[in-house]
Amino acid sequence: MIFLSSLNKKYLQSKICLLRVDLNIQNADLFKKNIHPRVSAVLPTIKFLIKNGAKVIILSHRGRPKETKNHKEFSLRPFAKIFSKLLGKKIVFSDFKKISGIVSVSGPGSVFLLENLRFWPEEEQNNPKFAEKLASLGDFYVNDAFAVSHRKNASVAVITRFLPGYAGLLLEKEIKNLSAVTKNPKRPMTVILGGAKISDKIGVIENLYSQADYFLLGGALANTVFAAQGIPVGDSLYEKNIDVDGIMRRFGKKIFLPEDVVVEKRKILDIGQASVKKYKSIIGKSKTIVFNGPMGYIEKPKFAKATKEIIAALLKSRSQIIIGGGETASVMPNIKSLRQNIFLSTGGGAMLEYLSGKKLPGFAALDKIHEQQ
């Protein structure tokens, strides 16, 4: 894999870059007062490209338009205005029919935004012909969409068959921060895992078991373990048919479960204060911390208390910290800049797959093209 930052700047001059980013943001989140993290995260790569004279065509998907007839709510059009304001220049929004002609007569440093790729079914079908059609729009490709790099989509996994591909500045940061956790982390290392499914996290526990000292569980993930151990969980969310005995037999020495929980209407909806205190004490003696998945039902503020307290403890820590997952990041306080020891990953599922030791299709696509050259 070759990083965009390592390229000779003359290579970029007047060339057309197809920049894959992640703008999968709902309207409710998009038009809040503060810039959405997924938007701000890709600005450095866009600025780098236009500063060095490249023309940029931004590619992204948004939502699941095939599940509704109202495609308008999934259009990327609103982002043209947002990026125009942030970059201080006009961003031209277009579809396939017009974009080639517009780009061809534009000057270096121009930026364009192509309509939602999922408006074409071929994108999610990972269709090579669609990938080739996309590739025909540019001279080189940059993947700066870590959050979708685990998906076998045409604009992620196949497009590099047809033009040179590189890792953007954001993708480079993701790789360097996450690889530090998997290869040689400072010890003690603590992995905090919450959310709905333990099945999504088993791979992380297995892959990081030798490096990590503590796995702190919360959310419905912990409920699954409780239920398997015969502890009553009422109507709480949990997974059935999971080999919890096998998990605890293999990894139980390092796994910590909540000591108390918050219950409402026969449902466990958060971990309790004794658990928060215990987890914070472990955080306090850790030198590397990974946090993915909330401790409770954070859709309701009163059940986001434990998650917020743990995040507050992380923000005060001087350890190397990675926080990931869309839900986890959603309860982060509004901080304009995080300290250098804290990295906020833009990926949820992609982060889990990477930490599980899996080869992400988007990464494989970038590696493969340069192996062939």
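Up top is the structure.
## A word on empty space enclosed by the protein
Then, number 1: Per the stated rule, a full pass over the model turns up one cavity of 30 Å³ or more.
Then, number 2: Here the largest cavity is characterised by a volume of approximately 50 Å³.
Then, number 3: Asp 22, Arg 38, Val 42, Asp 144, Ala 145, Phe 146, Ala 147, Leu 170 and Thr 346 are the residues that line the largest cavity.
Then, number 4: Partitioned by chemical class, the residues of the lining of the largest cavity number five nonpolar, one polar and three charged.

## A few points about the pairing of strand β7 (residues 189–193)
Then, number 1: For β7, the tally of buried residues reaches five of five residues, placing the bulk of the element in the interior.
Then, number 2: Sheet analysis places β7 next to strand β12 (residues 288–292), joined by five bridges and oriented parallel. Residue pairing across strands places Met 189 opposite Thr 288, the latter belonging to β12.
Then, number 3: Examined bridge by bridge, β7 and strand β8 (residues 214–217) share four bridges and lie parallel to one another. From the neighbouring strand, Val 191 faces β8, where its bridge partner is Phe 215.
Then, number 4: Read as a crossover between parallel neighbours, the route from β7 over helix α8 (residues 202–208) to β8 is right-handed.

## Details of the layout of surface pockets
Then, number 1: The calculated volume of the second largest pocket comes to roughly 320 Å³.
Then, number 2: Contributing to the lining of the second largest pocket are 13 residues, with Leu 30, Phe 31, Lys 32, Ile 82 and Lys 85 lying nearest its centre.
Then, number 3: For the lining of the second largest pocket, the element with the highest residue contribution is helix α3 (residues 77–87), accounting for five residues.
Then, number 4: Looking at side-chain class alone, the lining of the second largest pocket contains seven nonpolar, two polar and four charged residues.

## Here's the deal with the environment of Phe 303
Then, number 1: Inspection of the secondary structure assignment puts Phe 303 in the loop between β12 and α12 (305–316).
Then, number 2: A residue is classified by how much of its surface remains accessible, and Phe 303, at 3% relative accessible area, is buried.

## Re the packing of helix α11 (residues 273–284) against α12
Then, number 1: Packing of α11 against α12 leaves a shortest axis separation of 10 Å and a crossing angle of 20 degrees. Judged by the inter-axis angle, α11 sits roughly parallel to α12. Regarding α11 and α12, the two cross each other, and that crossing is right-handed. Together, Gln 273, Val 276, Tyr 279, Lys 280 and Ile 283 of α11 and Lys 305, Ala 306, Glu 309, Ile 310, Ala 313 and Leu 314 of α12 make up the contact between the two elements.
Then, number 2: Residues that form the contact of α11 with α12 fall into these classes: seven nonpolar, one polar and three charged.

## Some thoughts on the side chain of Thr 190
Then, number 1: Mapped onto the secondary structure, Thr 190 falls in strand β7.
Then, number 2: Reaching out from Thr 190, the side chain makes a polar contact with the side chain of Ser 286 at a distance of 2.6 Å.
Then, number 3: Other than its neighbours up to four places away in sequence, Thr 190 contacts Tyr 214, Leu 216, Ile 282, Ser 286, Thr 288, Ile 289 and Val 290.

Rules used throughout
Residues numbered from 1 in each chain as written. Predicted model: local features only at pLDDT ≥ 70, side-chain atom pairs only at ≥ 80, totals over all residues. Heavy atoms only, no water. 1 Å grid on protein atoms, 1.4 Å probe; cavity = no way out; pocket = protein on both sides within 12 Å on 5 of 7 lines; lining within 4 Å. Points joined across faces, edges and corners; volume = space filled by probe spheres on them. Nonpolar A, V, L, I, M, F, W, Y, C, P; charged D, E, K, R; others polar. Buried < 20%, exposed > 50% of the residue type's maximum accessible area, 1.4 Å probe, protein only. Helix = DSSP H or I, 4+ residues; strand = E, 2+ residues; numbered from the N terminus. Pairing = 2+ DSSP bridges. Right-handed = clockwise from strand over helix to strand, strands pointing away. Axes fitted to C-alpha atoms, helices over the stretch in contact; angles between N-to-C directions. Parallel < 35°, antiparallel > 145°, perpendicular 65-115°, else oblique. Left-handed = near helix turned anticlockwise from the far one by under 90°. Contact = heavy atoms within 4.5 Å. Polar contact = N/O pair within 3.5 Å; in protein donor to acceptor, adjacent residues only side chain to side chain.

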